[in-house]
Amino acid sequence: MRRVLAIALMAFTEAVRDRVLYIILVFALAMIGSSAALVTISVGGEGRIVKDLGLACITLFGLFIAVFIGIRLVSREIERRTVLLLLSRPVGRGAFLVGKFIGLALTLFVNVGAMALGLLLLARMLEGEWTPPLLLAAGFAFLELTILTAFSILFATFSTPTLSTVLTLLVFVIGRLSRDLVAFAAQFDSVSLHTTASAIYYALPNLSLFNLGSLGAGGSLPSGATLLLTAAYALGYMTAILALAIAIFRRRDFQ
Amino acid sequence: MEAIRCQGVCKDYRVGFWRQRVRVLHDLELTVGAGETFGYLGPNGAGKTTTIKILLGLLRPTAGSAWLCGREASRPEARSVAGFLPETPAFYDYLTGEEFLAFMAQLAGLSRAMAREQIPALLDRVGLSGAGTRQLRKYSKGMLQRIGMAQALLGDPAVVILDEPMSGLDPIGRKEIRDIMVGLRKEARTVFFSSHIIPDVEMLCDRVGILLGGRLARIGRLDELLGTEIDSVEVTLADLPPEAAAALADGALAPPLVQGDRVQLRLRGEGGVDAVLRRTLAAGGRVLSVVPHRRTLEEIFLAEVAERGRR
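Treat the numbers as computed from the prediction; the structure is a model and nothing was measured. (Residues numbered from 1 in each chain as written. Chains lettered and ligands numbered in written order. Predicted model: local features only at pLDDT ≥ 70, side-chain atom pairs only at ≥ 80, totals over all residues.)

Let's talk about the domain arrangement of chain B
Okay, so step 1: Considered domain by domain, chain B is made up of domain 1 (2-87 + 156-223) and domain 2 (230-294).
Okay, so step 2: Inter-centroid distance (C-alpha atoms) of domain 1 of chain B to domain 2 of chain B is 43 Å. (Domains from an automatic or database assignment.)

What follows is the structure, encoded as structure tokens:
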């Protein structure tokens, strides 16, 4: 466990020292801040617009961190061959990947936290009251991003950084639309279309579950049981994806 | 006790668009005893690094098995007895030397107290005690190799595996690494190192293995490989009349080398030396030196390479 934490801390340190992270974070905070400008040209529901846009920004820029920093952290370790030094110690390959995952999740947590706090303050300034559900919505965005981080690590174990980026972004897009895809397929009589849509729905995560955006920004929240079930779904999914990544990574040769 | 053992190890790589199998290691049988310094010689592409990576579980053998101190090499716990310095090691260059060693100490399973004790001692041992707080990106190539050596020695490993430790270093850097290796030998640690710098191997090793085209062509103690037989004798003579010098050239391995009044001859074996000396003195010449030459490891290595080329 000490080795896993050492790798996690090193991954976090490396991510924190990556300039790309700051570019993404500054850009995200600027986007959240500039959404306040929209208030001046909208009629009514100003706070809601800011909160909706803010939560969308948290997910989008968090996705950039998960994809660009996450894949770089694993791929670069392999490309630069620092992995040879790490794995020549009594460190299992599973421990290596879990350590990387925890380090990345910690990076995401800090960044999503910073963005959420910025949004919370902005909403307070506009509406004159605190909106705690925003933090819950940001928390679920974080869970969604950790699933995507697990996918980015999975792809980085066997493909190039570019392909890993494309594949992770595809998982995000399809994961967000998979429920709509099934509803869309239901409108047609084609059995193969139904089967394909269902296969995609069950094979990839249903990321729309984590989108509490409009709810967090004013609407009603799902029940506690639903939220717990969604969180358990995220944990189960990321565990399964990490287990798959570890199985692939264990078979990998480092030439 | 065997520190390193390879039994029937084969390794195939898949290459090219059609992923064709190419065998780079053929049925490797190798043992290295505890406390031995073993030199693993071979030209580039012979399979030295592949063998090392199999020993460290970084590559999976296609067939056969490898063990470190009796533990199956593919298992992480086998690596708790080993320290490794890869060829051209890469580091986290934003870390300082001390931070890097502290990180590697955690991976080696050292307690904080042990790490605090070992890190300054190792920095001192590799001559970097003044550079521990400097970022690795500011280290020279020689310093990086030495910090790599320091991390390999964290946790006092019983087996130290070094892949081309002297490669790319200037003569001073090579000497520094060589001195550390001499120290390891004195401590009776098992050292397994690959190299194509033959004089270094000859200077440091108890036993040598020569790997050619993925096959172990020769293996044995250095004195067994080199033998005790005199291969040639170099005789330097002076003040010889030209006709006497020409007559002596008949028994030489190569035409005599004439420099002013000096003549240098290289004779095959010891047999003809007495006759040459007698004839020199009889002709009024002087004998300046007689230097016997044994076969060098380099000659053995080159002969093996040439032999394999002919096959």
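Quick look at the packing of helix α2 (residues 97-107) of chain B against helix α3 (residues 112-125) of chain B
All names here are of chain B.
Okay, so step 1: Where α2 contacts α3, the axes come no closer than 10 Å and their chain directions differ by 130°. When the axes of α2 and α3 are compared, the pair comes out oblique. In the crossing of α2 with α3, the sense of the turn from one axis to the other is right-handed. Two secondary-structure elements touch here, α2 through G97, E98, L101, A102 and A105 and α3 through A115, Q118, I119, L122 and L123.
Okay, so step 2: In terms of residue class, the contact of α2 with α3 is made up of seven nonpolar, two polar and one charged. (Axes fitted to C-alpha atoms, helices over the stretch in contact; angles between N-to-C directions. Helix = DSSP H or I, 4+ residues; strand = E, 2+ residues; numbered from the N terminus. Parallel < 35°, antiparallel > 145°, perpendicular 65-115°, else oblique. Left-handed = near helix turned anticlockwise from the far one by under 90°. Contact = placed C-beta atoms within 7 Å. Nonpolar A, V, L, I, M, F, W, Y, C, P; charged D, E, K, R; others polar.)

Notes on the sheet that holds strand β9 (residues 207-212) of chain B
Residues and elements named next belong to chain B.
Okay, so step 1: Taken in spatial order, the six strands line up as β6-β7-β8-β3-β9-β10 in an open sheet, and their pairing is mixed. Only two strands of the sheet have a single neighbouring strand rather than two, namely β6 (82-85) and β10 (215-221). Strand-to-strand twist of the sheet, defined as the mean angle between neighbouring strand axes without regard to direction, takes the value 15°.
Okay, so step 2: The pairing of β9 with β10 spans six bridges and is classified as antiparallel. Bridging across to β10, L212 finds its partner in R215.
Okay, so step 3: Set on the sheet, helix α4 (residues 141-152) makes contact with β6 and β7 (159-163); between it and β6 the angle comes to about 165°. (Pairing = 2+ DSSP bridges.)

Considerations on the sheet that holds strand β14 (residues 286-294) of chain B
Strand-to-strand pairing in sheets goes through backbone hydrogen bonds, with the strands running parallel or antiparallel.
All names here are of chain B.
Okay, so step 1: Across the sheet, four strands lie side by side as β12-β13-β11-β14; this open sheet has antiparallel pairing. Both edges of this open sheet fall to β12 (257-259) and β14, since each of them pairs with a single strand only. Within this sheet the neighbouring strands show an average axis-to-axis angle of 15°, counted without direction.
Okay, so step 2: Where strand β11 (residues 230-238) meets β14, eight bridges bridge the pair, whose relative direction is antiparallel. Across the sheet, residue T236 finds its bridge partner in β14, namely S289.
Okay, so step 3: Contacting β11, β13 (262-268) and β14, helix α9 (residues 273-282) runs over the sheet at an angle of about 5° to β11.

What to know about the interface of chain A and chain B
Okay, so step 1: Of the residues lining the interface, 19 residues belong to chain A; the matching set on chain B comes to 23 residues.
Okay, so step 2: Taken together, the elements giving at least two residues each to the side of chain A that touches chain B come down to α1 (2-16) and α4 (82-87) of chain A.
Okay, so step 3: The element best represented in the side of chain A that touches chain B is α4(A), accounting for five residues.
Okay, so step 4: Split into classes, the residues belonging to the side of chain A that touches chain B amount to nine nonpolar, three polar and seven charged.

Notes on the nonpolar core
Okay, so step 1: In this structure, A141(A), L242(A) and I161(B) are the most contacted members of the largest nonpolar core, which totals 146 residues.
Okay, so step 2: The element contributing the most residues to this core is helix α6 (residues 133-156) of chain A, with 16 residues.
Okay, so step 3: In this view, I161(B) contacts I52(B), L55(B), L56(B), A82(B), F84(B) and F192(B); residues no more than four positions away in its chain are not counted.
Okay, so step 4: One finds V233(B), L237(B), L240(B) and V276(B) within the second-largest nonpolar core, a separate group that totals nine residues. (Core = buried A, V, L, I, M, F, W, Y, C linked by C-beta atoms within 7 Å. Buried ≥ 20, exposed ≤ 12 C-beta atoms within 10 Å, placed from the backbone.)

Some words on the pairing of strand β3 (residues 37-41) of chain B
Side chains on a regular strand alternate between the two faces of the sheet.
Residues and elements named next belong to chain B.
Okay, so step 1: Among the five residues of β3, five are classified as buried, and the element is accordingly described as predominantly covered.
Okay, so step 2: Relative to strand β8 (residues 190-195), β3 is paired through five bridges, and the arrangement is parallel. Pairing of T37 across the sheet is with V191, part of β8.
Okay, so step 3: Bridge count for β3 against β9 is four bridges, and the pairing is parallel. Bridging from a neighbouring strand, L41 pairs with I210 of β9.

Section: the packing of helix α5 (residues 93-127) of chain A against helix α10 (residues 224-250) of chain A
Residue and element names in this part refer to chain A.
Okay, so step 1: As a packed pair, α5 and α10 sit with axes 9 Å apart at the nearest point and diverge in direction by 135°. The angle between the axes of α5 and α10 places the two elements in the oblique class. Here α5 runs over α10; the crossing is right-handed. Mapping the contact onto sequence places R93, G94, L97, V98 and F101 in α5 and L242, A245, I246, F249 and R250 in α10.
Okay, so step 2: A breakdown of the residues in the contact of α5 with α10 according to their chemical character gives seven nonpolar, one polar and two charged.

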